[in-house]
Amino acid sequence: WISAFLEAQAAELDAARNTLLGYGRDLKDFAAFILHRSRTFEEANQDDIEDYLVSCAANGLSRATRARRLSAVRQLFRFAFEEGWRNDNPSLRIKGPGMERTLPKTLSETQVNALLAAAETLGKSEAERARNLCLMELLYATGMRVSELVSLPVQAARGDPEMILVRGKGEKERLVPLSPPARRALANWLLIRDRDEEARRLS
């Protein structure tokens, strides 16, 4: 059931690898819980799911984690119902614990400057240091996710752009502006990268 569900998520929704891994871990945990009760996914009922959530709370899991696990269970049973593996959805009437609302944590200006300084000085080579600084400047300037940054094609950064096109979750695209320090770090890294590639090509 879990494998089929994850394959469907990957194929139909183009779910990210980390998302699929998270679903898999959560569903395996629920499977182990109901197996202890000598039940399978075909036999699990609403009480099993509610007791599982109580067990998660008793084990000290946060509301956010419990809400995420319930979401995975709900999606699995909805998938099973749509596939005809079950004629009901035992998770339909269960209310979740809700997500905790917290303000995002931010770094102070001093912390940011220390981070950028470390990126500029740490690395085994000039190329590594230039790359590290470029990555940190781009993250700081744009607010991109790390996954978005590392998947950017090199061509998107050529020509000293003032903005770059980023492809995010759900293949949605958006333009993000670059600060002058980010543009300088990017241009410097590209210069060193191209120089080193040319040297390797000629050696």
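Residues numbered from 1 in each chain as written. Predicted model: local features only at pLDDT ≥ 70, side-chain atom pairs only at ≥ 80, totals over all residues. Heavy atoms only, no water.

Student: What exactly am I supposed to notice about the overall build of the protein here?
Tutor: Secondary structure summary: the protein contains eight helices and two strands in total. For the protein, the N- to C-terminal ordering of α and β elements is α-α-α-α-α-α-α-β-β-α. Here the C-alpha atoms of the protein give a radius of gyration of 23 Å, more than 25% beyond the 17 Å that 2.2 N^0.38 yields for 203 residues. By principal-axis analysis of the C-alpha atoms, the protein measures approximately 65 × 40 × 30 Å. Expressed as a percentage of the 203 residues in the protein, the buried residues total 32%. If you take every contact in the protein between residues at least 6 apart in sequence, the share linking residues at least 24 apart comes to 47%. (Helix = DSSP H or I, 4+ residues; strand = E, 2+ residues; numbered from the N terminus. Rg over C-alpha atoms; globule rule 2.2 N^0.38 Å. Buried < 20%, exposed > 50% of the residue type's maximum accessible area, 1.4 Å probe, protein only. Contact = heavy atoms within 4.5 Å.)

Student: How do you make sense of the side chain of N89 when you look at a structure like this?
Tutor: Structurally, N89 is set in the loop between α4 (63-83) and α5 (109-121). According to the relative accessible area criterion, N89 is buried, its value standing at 16%. Not counting residues within four places of it along the chain, the set of residues in contact with N89 comprises R74, F77 and R78.

Student: Quick question: what am I supposed to make of the environment of A199 here?
Tutor: With respect to the helices and strands, the residue A199 is situated in helix α8 (residues 180-202). Counting along the chain gives 158 residues from A199 to F41, while the straight-line C-alpha distance between them is 59 Å.

Student: Could you clarify how one ought to interpret the packing of helix α6 (residues 126-142) against α8 in this entry?
Tutor: Helix packing geometry: the angle between the two helix axes and the distance between the axes. Where α6 meets α8, the axes come as close as 8 Å, and the angle between the chain directions of the two elements is 150°. Compared by their axis directions, α6 and α8 come out roughly antiparallel. Handedness of the α6/α8 crossing: left-handed. Along its contact with α6, which presents E126, A127, A130, R131, L133, C134, E137, L138 and A141, the element α8 presents P181, A182, A185, L186, N188, W189, I192, R195 and D196. (Axes fitted to C-alpha atoms, helices over the stretch in contact; angles between N-to-C directions. Parallel < 35°, antiparallel > 145°, perpendicular 65-115°, else oblique. Left-handed = near helix turned anticlockwise from the far one by under 90°.)

Student: Sorry, what's going on with the nonpolar core here?
Tutor: Within soluble globular proteins, side chains that are nonpolar generally end up buried alongside one another. Counting residues in hydrophobic clusters, the biggest one holds 23 residues, and the most contacted among them are F5, L27, F30, F41, I49 and F77. Those elements that provide at least two residues to this core are α1 (2-12), α2 (17-36), α3 (46-58) and α4. Judged by nonpolar contacts, the second largest core, of 19 residues, contains L116, L133, L149 and A157. (Core = buried A, V, L, I, M, F, W, Y, C linked by side-chain atoms within 4.5 Å.)

Student: Teacher, can you tell me more about α8 here?
Tutor: Look at α8: 33 Å from first C-alpha to last across 23 residues, which is about the 33 Å you get at 1.5 Å a residue. The set of residues buried in α8 consists of A182, A185, L186, W189, L190 and I192. Those residues of α8 that are buried are in contact with α6. (Expected span 1.5 Å × (residues − 1).)

Student: What should I look at first to understand the pattern of salt bridges in this one?
Tutor: Two side chains that carry opposite charge are able to pair once their charged atoms sit near each other. Under the defined criterion, the tally for this structure stands at 18 salt bridges. Two residues, D51 and R37, come together in a salt bridge whose shortest N-O distance is 2.7 Å. Of the two residues, D51 is situated in helix α3 and R37 in the loop between α2 and α3; the sequence distance between them amounts to 14 residues. For D51, a relative accessible area of 32% gives the class partly exposed. By relative accessible area, which is 34% here, R37 ends up partly exposed. Its salt-bridge partner being E173, residue R167 comes within 2.9 Å of it at the nearest N-O pair. Judged by its relative accessible area of 47%, R167 falls in the partly exposed class. One network of salt bridges, in which partners are shared, links D26, D29, R68 and R69. (Salt bridge = Lys/Arg side-chain N within 4 Å of Asp/Glu carboxyl O.)

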